[in-house]
Amino acid sequence: MVKRNKQAIMQLVVDNPFNGDFYNTELELPATKAEIKDAMHRGRAVGRNPETFGLVITQCTALPDLASVDFDRPTIDELNFFAKRLEQLTEWEQTALNRVFNQRMEEGAYRTGVPMKELINLTYGLDCVIIAPGVENDAQLGQFVIENDLNEDVSSISENALYLLDKSRIGKLQREIEGGKYVDGNYIVTTAYELPEVYDGVHLPELPGQTEDEEDYVFRLEVAKAPEGEQERPPEERQWISLPAEKEKVAEQIREQCGEGIENCVYYGFESAIPQIGEEMFGTMQEFDLLNEIAQRYSAMSDMEQITFKAVLEHERPENLAEAVEVMEHLPEYQLDYVSWDEADFFASHLLHHLDTEYDARWLHNFTFRKEDALLIEQLGAGITGYGIVSARGESLYRLASYPEPKTGVSDSEQWEVVEVLGRKALFANERIKTEDIPEGMYRYDLRDNGLGWFSSIEKSVKVNHAGTLLFTEDIELNAGEYIAFADGDSPNFLGYTMTVEEFRNMQEQENQMGGMQL
């Protein structure tokens, strides 16, 4: 197996037909077929015309300026091949590539986008580019010319007279003759470089030694005979096997290599085309049959079945292979909303499912649902995944759901989010807390929503646009209108951890004793 050094981050952009926005999914390149397929699944690209995809390089280690340009109708395969070529280039060749690419940029060759054919071909023939490392100005170039006898006139001067030469003038003359440039601490000459045509724009060239990752697989195991003692088997005694596979053929292959049966071997490497089934779920080679069964059944699935399976795995979080197989057994009992990207998308989709078919969905495109969108998903027992919204087993995503009753009481073990607001720490909850349910020694205040999803004020009691409840260990002083409006930067800052009421009280007492923040 070839170990990939990621060279670039590509963003796959696909239009969202529901709200007129876009789906954005990132993929590190170079990538295997399995990684590309999963990115397509996450990016809602299944069943879509590839010519409509937007492909953007957001980061490129070897060629940083590539992140600032548009491409002329690239394909994922072309971008992936380009990343593989970058992986093969030496540091010297990468420096040359940067200069050749930037020179074409400066000449305006890419005003209408970078052609992938040319970009790939730029990675070849770079040995014609001259690089003088550490030469940053004309004086240093002049010294370089003298030391390397690059100028016949200068070479004819006796060594005793070299100190009289103006190195800056010599360097300038050499630079003007060659058309060289000083770039990032190097002197680079590209005049001898001619763009080769290795890639014809249709058939991608072969990359020797890098064909193994192009193999289709669901799982891949690096296996070897069990070690003697604690000493691992060396790489030459190991072999990679791909699943699904016929067990008899794999067993024969392993016996030839290891002299052992499958169950008597150990594995040193684990690769998965299903991100939710990793090495932590595969214990020993005793589970080989179970792993192979998953691979066989997954390979036989349609794209949408594979997407649903991964969504359910992400939602249910099985702990072992047996539980993953159980998900497969019950897969038809789950529903997946592949179009919705988040809670707000799904809330609008759920509404439209129950509204008149003539209702214009555009009214919901920019509608803010505050906390109700997440609350609806919770009530349905559904889950948000990277592949869409998935239902609970045996449940419909679009069943009618009752609005939950207001929460009563506060348990001692309940975890509250800790926030900082108005220079004080407080506990936050989405729900309303009745006056009679406020823990002893705590003070309750309500937050108001401005109707656009933002906290607008803190008040003693909010009836409409309630956005949450705050508990303080001390009373706070409101204005005559019984509220404090938030200015920019004053709204609650969520500190990223939770506490029970008792833990919060103890923390506040300790801070007060240490002379910390006074609440």
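Chemist: Would you take a moment to explain the overall build of the chain for this structure?
Modeler: Along the chain, the regular secondary structure elements total 14 helices and 21 strands. The C-alpha radius of gyration computed for the chain amounts to 32 Å, which surpasses the reference 24 Å derived for 519 residues by more than 25%, pointing to a less compact arrangement than a globule. Oriented by its inertia axes, the alpha-carbon framework of the chain measures out at about 100 × 70 × 60 Å. Across the 519 residues that make up the chain, the buried fraction comes to 43%. Expressed as a percentage of contacts within the chain between residues at least 6 apart in sequence, the contacts between residues at least 24 apart total 68%. Of the accessible surface of the chain, which amounts to about 27900 Å², a share of 46% is contributed by carbon and sulfur atoms. Across the chain, the centroid of the 45 positively charged side chains sits 2 Å from that of the 99 negatively charged ones.

Chemist: Can you walk me through the layout of surface pockets in this structure?
Modeler: Left-over empty space is what a probe sized like a water molecule reveals as it rolls over the atoms. In this structure, the largest pocket spans a volume of roughly 560 Å³. Along the walls of the largest pocket sit 18 residues, with P50, L55, P74, T75 and I76 positioned nearest its centre. Counting residues per element, the ones that place at least two in the lining of the largest pocket are α1 (33–42), β3 (54–60) and α2 (76–88). Take the lining of the largest pocket: its biggest share by element is 4 residues, from α1.

Chemist: Could you clarify how one ought to interpret the environment of I274 in this entry?
Modeler: Relative to the elements of secondary structure, I274 occurs in the loop between β11 (265–272) and α9 (288–299). Linking I274 and L313, residues 39 residues apart in sequence, is a C-alpha distance of 9.6 Å. Setting aside residues up to four positions removed in sequence, I274 forms contacts with V218, F219, I294, Y298, F309, K310 and L313.

Chemist: Honestly, the packing of helix α5 (residues 138–147) against helix α7 (residues 167–178) in this entry has me stumped. Any pointers?
Modeler: Two measures define how a pair of helices packs: the angle their axes make with one another and the distance between the axes. Between α5 and α7, whose axes approach to 6 Å, the crossing angle comes to 85°. Between α5 and α7, the interaxial angle falls into the category roughly perpendicular. Side by side, α5 and α7 meet where D138, A139, L141, G142, Q143, V145 and I146 of the first sit next to K167, S168, I170, G171, K172, Q174 and R175 of the second. Looking at the contact of α5 with α7, its residues break down into 5 nonpolar, 5 polar and 4 charged.

Chemist: What am I meant to see in the packing of helix α12 (residues 343–354) against helix α13 (residues 372–380) here?
Modeler: One can describe the packing of α12 onto α13 by two numbers: an axis separation of 8 Å at closest approach and a directional angle of 70°. In terms of axis orientation, α12 runs roughly perpendicular to α13. For the pair α12 and α13, contact is made by E343, A344, F346, F347 and H350 and by E372, D373, A374, L376, I377 and L380, respectively. A per-class count over the contact of α12 with α13 returns 7 nonpolar, 1 polar and 3 charged.

Chemist: Even after reading the chapter, I still don't get the nonpolar core, so can you show me in this structure?
Modeler: Here is a general trend for soluble globular proteins: nonpolar side chains tend to be buried in one another's company. Ranked by size, the top nonpolar core spans 45 residues in total, and within it M10, I57, L66, F101 and L119 carry the most contacts. Contributing elements (two or more residues each) for this core: β1 (8–15), β2 (22–29), α1, β3, α2, α3 (91–106) and α4 (116–121). Ranked by residue count, the leading element in this core is α2, at 6 residues. Not counting residues up to four positions away in its chain, the partners in contact with M10 are T25, E26, L27, L29, L55, V56, I57, I76 and L79. I294, A295, V327 and Y387 belong to the second-largest nonpolar core, a separate cluster that totals 41 residues.

Chemist: Explain empty space enclosed by the protein here, please?
Modeler: Counted by the stated rule, this structure contains 1 cavity of 30 Å³ or more. In this model, the largest cavity occupies a volume close to 40 Å³. Forming the walls of the largest cavity are A8, L29, I57, C60, L66, L79, F82 and A83. Secondary-structure elements contributing two or more residues to the lining of the largest cavity are β3 and α2. When residues of the lining of the largest cavity are assigned to their parent elements, the largest contribution, 3 residues, is made by α2. Class assignment of the residues belonging to the lining of the largest cavity gives a composition of 8 nonpolar, no polar and no charged.

Chemist: What is the right way to look at the sheet that holds strand β6 (residues 130–133) in this model?
Modeler: One key point about sheets: their strands pair by backbone hydrogen bonds, in either a parallel or an antiparallel sense. Read across the open sheet, the 3 strands follow the order β6-β8-β7; overall the sheet is antiparallel. What marks the edges here is a single partner per strand, and that holds for β6 and β7 (181–183). Taken over all neighbouring pairs, the strand axes of this sheet differ in orientation by 25° on average, direction set aside. Summarising the sheet, β6 and strand β8 (residues 186–189) pair through 4 bridges and their orientation is antiparallel. Note that in β8 the partner of P133 across the bridge is N186. Its contacts with the sheet place α3 against β6, β7 and β8, and it is angled at close to 115° to β6.

Chemist: Can you walk me through the pairing of strand β17 (residues 443–449) in this structure?
Modeler: Looking along a regular strand, one sees the side chains alternate between the two faces of the sheet. Counting buried residues along β17, 5 of its 7 residues qualify, which places the element largely inside the surrounding structure. Note that β17 and strand β19 (residues 466–472) share 6 bridges and pair antiparallel. The residue of β19 that forms the bridge with R448 is H466. Sheet topology note: the β17/strand β18 (residues 455–459) ladder contains 4 bridges and is antiparallel.

Cut-offs applied
- Residues numbered from 1 in each chain as written.
- Predicted model: local features only at pLDDT ≥ 70, side-chain atom pairs only at ≥ 80, totals over all residues.
- Heavy atoms only, no water.
- Helix = DSSP H or I, 4+ residues; strand = E, 2+ residues; numbered from the N terminus.
- Rg over C-alpha atoms; globule rule 2.2 N^0.38 Å.
- Buried < 20%, exposed > 50% of the residue type's maximum accessible area, 1.4 Å probe, protein only.
- Contact = heavy atoms within 4.5 Å.
- Areas by Shrake-Rupley, 256 points an atom, 1.4 Å probe, with all protein chains shown as cover.
- Lys, Arg positive; Asp, Glu negative; His and termini not counted.
- Charge placed at Lys NZ, Arg CZ, Asp CG, Glu CD.
- 1 Å grid on protein atoms, 1.4 Å probe; cavity = no way out; pocket = protein on both sides within 12 Å on 5 of 7 lines; lining within 4 Å.
- Points joined across faces, edges and corners; volume = space filled by probe spheres on them.
- Axes fitted to C-alpha atoms, helices over the stretch in contact; angles between N-to-C directions.
- Parallel < 35°, antiparallel > 145°, perpendicular 65-115°, else oblique.
- Nonpolar A, V, L, I, M, F, W, Y, C, P; charged D, E, K, R; others polar.
- Core = buried A, V, L, I, M, F, W, Y, C linked by side-chain atoms within 4.5 Å.
- Pairing = 2+ DSSP bridges.

As far as function goes, none of this settles anything; it's purely spatial.
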